[in-house]
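# Structural characterization, general
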Amino acid sequence: VKRQKQRKVLLMGKSGAGKTSMRSIVFSNYVAKDVRRLGATIDVEHSNIKFMGNLMLNLWDCGGQDGFVENYLTHQRTHVFGSVAVLIFVFDIESREFAADVINYSNIIRALSECSPNAKVFILIHKMDLVQTRLRDQLFAERADYIRGASEGFKDSVDFFATSIWDQSLYRAWTMIIYHLIPNAASIETLLQQLAEVIDARELILYERTTCLMVTHVTRGMENENPYTDRFERISSILKTHKQSMSKHTGIPAGTANFAEMQIKTGRFMFFITRLTENTNLAASIPPSEQIFNAARIN
Ligand code: GTP
C-alpha cells in the first residue's frame, strides 16, 4: 500500500470573491468561461485531489457567506482550523467593503495562529482584470501592505499574488502554492538538473499531469536570458486549454485526456513536451540540433 501524504488546504474569502471558480479552473479542468454556472457555495466543499502520485491535497473550499464564517470561527473552530498546511485567502479587488474584508480576514488569522501556527498563508488579490492596467501595481501594493498589517504572527511569512481567471496569473499563484506542498521538491530538482546536463537541454520544465501546473524547472545556459519570464505558466495555460479541447472532441473526460507528444522546431531552438512519469509531463528546450534533439527524446 502506497503511503499517502495528506495536506490540508483551506480556501477562504468573502462570498463571490472567486474561490470556487479558481478551484474549478485549477483542479477540475473547467476553462474560465465555464465558471459562471456555479452556485453559491453552501458550507464547506471538500475535495481530495491526488497529486504527484502519493500526495493528497485535501482542499476545503469554505463558502464565504457571513453565517458560515461565523460558524467556522465558533462551533467548528478546531475542526476547520486544525492541522492546516496552507491557507489561501482570496480578496476581491472590486469589493466595496475592503476594511470589513480585512477584519474578517484577521479573525480567521487569529483562529489559524491558535490552531495551526505553522501553516503557510497565501493571499490572492483577485479579479485584477477589472482594474485598469496602469493602476494595477499600485493598488495591489497598497492592498498587500494593509493586509500584511493585519496578518499578526504570519506578517513576515505571508505571500501575495495578484490574480485573475482570465490570464495566466492564476497559474503562477497556484504553482507557488503547490510547490510549497510538494514534500520532495528539492530532490526532484536535483534529478532534473542532472537530466538536463546529460541531455544538454537548455531548460527542462516539469508539469503535473492533471492540473498542468509546473512542479519545478531547471534553466541552463542562454535560456537564462529568455525574456518571457511568464513562459512556465503560459505553457500551463496552453496545456490546459489543449486538454479541454481534446476532451470536447473525443468525449474522453478532461481529467484523463492527454496528448502523446508535442514538438516545435525552429532555427533558434527545438522544443518538445512529452510524458515523463505517470504523474508528470516534461517540457524540454533543446539547442537547434536534430542530433541533440533526438538523443534527448530517447533519453
Ligand atoms: P461563494 O461560493 O459564495 O463563497 O463565492 P466564491 O468565492 O466561490 O465565488 P465564485 O467562484 O462563485 O465567483 C463569483 C463570481 O466572480 C463569478 O461570477 C465568477 O465568474 C466571477 N469571477 C471569478 N474570478 C474572476 C476573475 O478573476 N475576474 C473576474 N472579472 N470575475 C471573476
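Note on numbering: residues in each chain are counted from 1, in written sequence order. Side-chain atom pairs in this predicted model are given and counted only at pLDDT of 80 or more, local residue features only at pLDDT of at least 70, and totals for whole chains, interfaces and linings cover all residues. Neither water nor hydrogens contribute to the side-chain values; these are computed over all heavy atoms in the structure.

Put simply, the test is: UniProt positions are given in the numbering used here, feature names are shortened, and annotations may be inferred rather than shown by experiment.
Under the annotation held in an unreviewed UniProt entry, the protein chain carries the name GTP-binding protein and is attributed to Aulographum hederae CBS 113979. Taken directly from UniProt, the Subunit (unreviewed entry) text for the protein chain runs: "Component of the GSE complex." Looking at the protein chain in UniProt, the text filed under Function (unreviewed entry) is "GTPase involved in activation of the TORC1 signaling pathway, which promotes growth and represses autophagy in nutrient-rich conditions."

## Comments concerning helix H5 (residues 133-149)
Filter applied, for reference: Counting from the N terminus, the helices are DSSP H or I runs at least four residues long and the strands are E runs at least two residues long. Given the number of residues in a helix, its expected span is that number minus one, multiplied by 1.5 Å. Burial classification: accessible surface area is computed with a 1.4 Å probe over protein chains only, and a residue below 20% of its type maximum counts as buried, one above 50% as exposed, and the rest as partly exposed. Between two residues, a contact is recorded if the distance between any of their heavy atoms is within 4.5 Å.
With 17 residues, H5 extends 25 Å from end C-alpha to end C-alpha; this agrees with the ideal 24 Å at 1.5 Å per step. Residues Arg 143, Ala 144 and Ile 147 constitute the buried set of H5. Where H5 is buried, its residues touch strand E4 (86-92), helix H4 (98-115), strand E5 (120-126) and strand E6 (159-162).

## Section: the nonpolar core
Defined as follows: To qualify as a nonpolar core, a set must consist of buried Ala, Val, Leu, Ile, Met, Phe, Trp, Tyr and Cys residues joined through side-chain atoms within 4.5 Å.
Formed by 47 residues in total, the largest nonpolar core has its most connected members in Trp 174, Ile 182 and Leu 204. In this view, Ile 182 contacts Phe 51, Met 52, Leu 55, Ile 188 and Val 215; residues no more than four positions away in its chain are not counted. Membership of the second largest hydrophobic core comes to 34 residues, among which are Met 12, Phe 81, Leu 112 and Ile 123.

## Observations regarding the pairing of strand E9 (residues 261-265)
In the case of a regular strand, side chains alternate between the two sheet surfaces. Quick reminder of the rule: Pairing between strands requires that DSSP locate at least two bridges from one strand to the other.
Summarising the sheet, E9 and strand E10 (residues 270-275) pair through 5 bridges and their orientation is antiparallel. Residue pairing across strands places Met 262 opposite Ile 273, the latter belonging to E10.

## Considering the sheet that holds E6
This is how the line gets drawn: To obtain an axis, a line is fitted to C-alpha atoms, over the contacting stretch when the element is a helix, and the angle between two such axes runs from 0 to 180 degrees between their N-to-C directions.
Taken in spatial order, the 6 strands of this open sheet run E2-E3-E1-E4-E5-E6, and their pairing is mixed. Here the strands that pair on one side only, and so sit at the sheet edges, are strand E2 (44-51) and E6. When strand polarity is set aside, the average angle formed by the axes of neighbouring strands in this sheet is 20°. Those strands touched by helix H1 (residues 19-27) are strand E1 (5-13), E2, strand E3 (55-62), E4 and E5, and its axis lies near 155° from that of E3. Sheet strands touched by helix H6 (residues 169-181): E1, E2, E3, E4, E5 and E6. Its angle to E5, the strand with the most contacts, is close to 175°.

## Brief notes about the environment of Gln 194
Positionally, Gln 194 belongs in helix H7 (residues 185-199). As for Gln 194 and Val 218, which are separated by 24 residues in sequence, their C-alpha atoms are 9.6 Å apart.

## Quick word on the pairing of E1
Here E1 pairs with E3 via 7 bridges, running parallel. Each bridged residue has a counterpart across the sheet, and for Gln 6 the counterpart in E3 is Met 56. Both E1 and E4 contribute to a ladder of 5 bridges, which runs parallel. Among the inter-strand pairings, Val 9 is bridged to a residue of E4, identified as Val 86.

## Regarding the sheet that holds strand E7 (residues 203-208)
Ordered by their spatial adjacency, 5 strands build an open sheet running E8-E7-E11-E10-E9, and the pairing between neighbours is antiparallel. One side of each edge strand has no neighbouring strand; the edge strands of this open sheet are strand E8 (214-219) and E9. Pairs of neighbouring strands in the sheet enclose a mean axial angle of 10°, with direction left out of account. Alignment of E7 against strand E11 (residues 280-286), held across 6 bridges, turns out to be antiparallel. Pairing of Leu 206 across the sheet is with Leu 282, part of E11.

## Comments concerning the pattern of salt bridges
Put simply, the test is: Basic side-chain nitrogens of Lys or Arg form a salt bridge, by our definition, when they fall within 4 Å of a carboxyl oxygen of Asp or Glu.
Considering all chains together, one arrives at 11 salt bridges under this definition. For Lys 120, the salt bridge is made with Asp 159, and the minimal N-O distance between the two is 2.9 Å. Pair noted here: Lys 120 is in strand E5 and Asp 159 is in strand E6, with a separation of 39 residues, a long-range link. Here Asp 159 falls in the partly exposed class, since its relative accessible area comes to 32%. Residues joined by salt bridges that share partners form a network here, namely Lys 14, Glu 97 and Asp 101.

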